[in-house]
Amino acid sequence: MTSSQTPNKQELPPTAWAVLGLLSFPGERTGYELKKWADSSLRFFYWSPAISQIYAELRRLEELGYAASARSGPEEARTKRRYAITDAGRAALSGWAGDTAEAGPPVLKHGLLLRIWLGHLSEPERLCAMVEDHRERTVAELAAVREAMRHAAEVPEWAFPVLALRWSERQHLAELELADALLADLAEVREHAGEAPRTPPEAVRQAGGDAPTPG
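Attention in this report is confined to the structure presented alongside it. Everything numeric here is computed off the predicted structure, so don't read it as measured data. (Residues numbered from 1 in each chain as written. Predicted model: local features only at pLDDT ≥ 70, side-chain atom pairs only at ≥ 80, totals over all residues. Heavy atoms only, no water.)

### Looking at the overall build of the protein chain
Applied cut-off: Each helix is a run of DSSP H or I of at least 4 residues and each strand a run of E of at least 2, with the numbering of both proceeding from the N terminus.
A tally of helices and strands in the protein chain yields 8 helices and 2 strands. N-terminal to C-terminal, the α/β element order of the protein chain is α-α-α-β-β-α-α-α-α-α.

### Structural notes on the side chain of histidine 172
Test applied: Think of it in three bands: with a 1.4 Å probe and only protein chains considered, a residue is buried below 20% of the maximum accessible area for its type, exposed above 50%, and partly exposed in between. We call two residues in contact whenever any of their non-hydrogen atoms come within 4.5 Å of each other.
Residue placement: histidine 172 occurs in helix 7 (residues 159-191). Overall, the relative accessible area of 8% leaves histidine 172 in the buried class. Excluding its chain neighbours within four sequence positions, the residues that come into contact with histidine 172 are Phe44, Thr138, Glu141, Leu142 and Val145.

### Focus on the nonpolar core
Just so we agree on the cut-off: In plain words, nonpolar cores are sets of buried Ala, Val, Leu, Ile, Met, Phe, Trp, Tyr and Cys residues tied together by side-chain atoms within 4.5 Å.
Residues Leu12, Leu20, Leu23, Leu34, Leu58, Leu61 and Tyr66 are the most contacted members of the largest nonpolar core, which totals 31 residues. Listing elements by their share of this core, those giving two or more residues are helix 1 (14-23), helix 2 (31-39), helix 3 (51-64), strand 2 (81-85), helix 4 (87-97), helix 6 (124-153) and helix 7. Here the element with the most residues in this core is helix 1; it accounts for 7 residues. Every residue in contact with leucine 20, bar those within four places of it in the chain, is listed here: Leu61, Tyr66, Ile85, Gly89 and Leu93. The next biggest cluster of nonpolar side chains, apart from the first, holds 10 residues, and it includes Leu127, Met130, Ala179 and Leu182.

### Some thoughts on the packing of aromatic side chains
Just so we agree on the cut-off: For this analysis, a ring pair means two rings from Phe, Tyr or Trp (six-membered ring only for Trp) whose centres lie within 6.5 Å, classed as stacked if their planes differ by under 30 degrees, edge-to-face if by over 60, and tilted for the remaining angles.
Taken as a whole, this structure holds 4 aromatic pairs when the rule is applied. When the centroid spacing of 5.3 Å and the interplanar angle of 10° are considered together, the rings of tryptophan 17 and tryptophan 96 count as stacked. Of this pair, tryptophan 17 sits in helix 1 while tryptophan 96 sits in helix 4, and the two are 79 residues apart along the sequence. Ring plane angle 65° and centroid distance 4.9 Å describe the contact between phenylalanine 25 and tryptophan 37, whose orientation is recorded as edge-to-face. Remark: tryptophan 37 occurs in helix 2 and phenylalanine 25 occurs in the loop between helix 1 and helix 2; sequence separation between them is 12 residues. We classify tryptophan 37 as buried; its relative accessible area is 11%. Among the aromatic residues, those joined into a cluster by ring pairs are Phe25, Trp37 and Trp158.

### Remarks on helix 4
Applied cut-off: Read the arc as the range of directions from the helix axis to the C-beta atoms.
Listing the buried residues of helix 4 in full gives Gly89, Ala92 and Leu93. The arc that holds every buried residue of helix 4, seen down its axis, measures 100°, which confines them to one face. Along helix 4, exposed side chains directed more than 90 degrees from the buried face belong to Asp87 and Ala91. Where helix 4 is buried, its residues touch helix 1 and strand 2.

### Thoughts on the environment of phenylalanine 45
Mapped onto the elements of the fold, phenylalanine 45 is located in the loop between helix 2 and helix 3. When neighbours within four sequence positions are excluded, phenylalanine 45 is seen to be in contact with Ala164, Trp167 and Ser168.

### Re the environment of alanine 56
With respect to the helices and strands, the residue alanine 56 is situated in helix 3. With relative accessibility at 32%, the residue alanine 56 sits in the partly exposed group. Spatially, the C-alpha atoms of alanine 56 and glycine 31 are 10.0 Å apart, while their sequence positions differ by 25 residues.

Okay, structure coming up:
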């Protein structure tokens with residue numbers, strides 16, 4: 001394995017720590033293998049970086065001395081570069097993972113809810129169809145999470161990834177409950193849609209700039 005001999009302490013983006021975290025488990029891995037593992041673990045509770053991001057972060061980590069790599073020998077049909085975490089990388093990662101101030105609050109960016117928020121520009125039937133599609137995707141994702149849990153449970157070193165995946169299972173179950181509640185809310189909107197006419201555009205333009213919530 002080759003690596004930089006002068007590690008520099010600096011602030012790293014979450015993607016770098018995630019890639020270094022993938023390397024912290026036993027074994028050496030190629031960038032492609034890291035991507036596959038991110039797709040079957042990280043994406044269920046955080047996100048999965050693109051393969052280009054993974055290789056960019058691997059280069060950064062090598063420059064810092066946090067990771068090292070070596071090319072495969074002639075015994076493999078295709079030359080591959082495998083990466084491993086260094087002692088300096090493990091020490092840095094341990095410090096970052098143990099710093100609760102770095103965790104920050106969870107960030108929710110729900111594309112479906114953004115469209116629900118703009119429901120006055122659509123029709124309740126169309127919004128219901130969006131929610132139904134979202135519910136079907138969530139069911140499929142839940143099945144994928146459970147498959148990942150079964151696979152991870154077979155590896156003793158992955159006890160903590162199993163806990164993260166178990167949390168993700170609960171989160172997907174909660175998302176299904178929220179989708180069902182949203183469908184019920186939309187059904188109520190549809191039921192009362194004919195009770196009052198839509199506000200004319202002219203009245204909207206004259207309503208002023210007040211927000212729809214107090215404050």
